[in-house]
Amino acid sequence: MPAEKHPPLAGCIAEDALQLAWSEAPWDTAVFGAPVLQVTGIQVRDARKAAALMPRFEAARDAAGSPFASCRLPHDCLRESMFLEQHGFRFIEMLFQPEFPDLQQATLAAPGGLTVHGATDQDLAWAVEVAGQAFANERFHVDPRLPRGLGDRRYQNWVRSSLGHARQRLLVIREGRDAIAFFIVEQLEDGTCYWHLTAVAPDKQGQGYGARVWATMLAHARDAGASRIRTSVVARNHRVLNLYGRLRFRLSAPAMTFHWLRET
């Protein structure tokens, strides 16, 4: 029997000592099979008094039967990071958001014989297979407390949902008829083309496709009228960070990600 659907969960603590807001992450709920929460904002003004208020969040989390929660913070929010760690959250990663500004005025490298296509139903099985193999550095893969394969299922679900998504587009990069890579992209209202998910097929990795694929996607976004490109990459993925450096992306100040996992 399918799990009973419920309204997305959300709540907040709004006190002088602690401002904390949370909501459900439905895409992760689908992977865990139970409500997953994300802390969407936190400010600790008085750590001692805030500790006495934190049980409000913990009670809401436990009442929902949530097995997992996460929080992302600016790199300099050390008071908040220490507070979260005092309450069972664990540091997982540093995350950068590389940006390519002034795209329309930039001189770009030649795409190098690759072409970009909107994905069709016939592409979906290939893209889902790639999504289940191509990622290893992301937070759901590296947290040793999470079951093996959970991160792969998360990205496979993302690829499946992108084909009919209202705003995100699944694009396939080809060399001739061969599918090389896929990107999930979104054109934002401010002119930014956001690269949500990027992957080169495992059997094409190590063959010099990375720089060619990314250069092709830069040109594709420019031709589509984007004024800038932004994406995200974890600090441990140093190969991709070096690629963004070679392509003249600028790195943002990093963010920190934390996980809370119910102990069984």
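The structure this text deals with has already been given above.
Treat the numbers as computed from the prediction; the structure is a model and nothing was measured. (Residues numbered from 1 in each chain as written. Predicted model: local features only at pLDDT ≥ 70, side-chain atom pairs only at ≥ 80, totals over all residues. Heavy atoms only, no water.)

S.K.: Help me understand the sheet that holds strand S10 (residues 192-200) in this model?
M.R.: Sheet strands pair by backbone hydrogen bonding; their relative direction is either parallel or antiparallel. The mixed open sheet is built from six strands, whose spatial order is S6-S11-S10-S9-S8-S7. If you trace the sheet from one side to the other, it starts and ends with strand S6 (99-100) and strand S7 (115-118), each paired once. Relative to strand S11 (residues 228-231), S6 runs antiparallel, the two sharing two bridges. Bridging from a neighbouring strand, Glu-99 pairs with Arg-230 of S11. (Pairing = 2+ DSSP bridges. Helix = DSSP H or I, 4+ residues; strand = E, 2+ residues; numbered from the N terminus.)

S.K.: It is not clear to me how the side chain of Thr-198 should be interpreted in this structure. Could you clarify?
M.R.: The residue Thr-198 is located in strand S10 in this model. On the basis of relative accessibility, which here comes to 19%, the residue Thr-198 falls in the buried class. For Thr-198, the residues in contact, after removing those within four places along its chain, are Phe-135, Phe-182, Phe-183 and Trp-214. (Buried < 20%, exposed > 50% of the residue type's maximum accessible area, 1.4 Å probe, protein only. Contact = heavy atoms within 4.5 Å.)

S.K.: Is there a simple way to think about the pairing of S10 in this case?
M.R.: Consecutive residues of a regular strand have side chains that alternate between opposite faces of the sheet. Of all the nine residues making up S10, eight are buried; the element is thus mostly covered by neighbouring parts of the structure. The pairing of strand S9 (residues 178-187) with S10 spans seven bridges and is classified as antiparallel. Opposite Phe-182, over in S10, you have Ala-199 as the bridge partner. The hairpin turn running from S9 into S10, its antiparallel successor, is four residues long, and Gly-191 in that turn takes a positive phi close to 95°. Sheet topology note: the S10/S11 ladder contains four bridges and is parallel. Across the sheet, Tyr-194 pairs through a bridge with Arg-230, a residue of S11. Of the crossover connections in this fold, the one passing from S10 over helix H8 (residues 209-223) to the parallel S11 is right-handed. (Right-handed = clockwise from strand over helix to strand, strands pointing away.)

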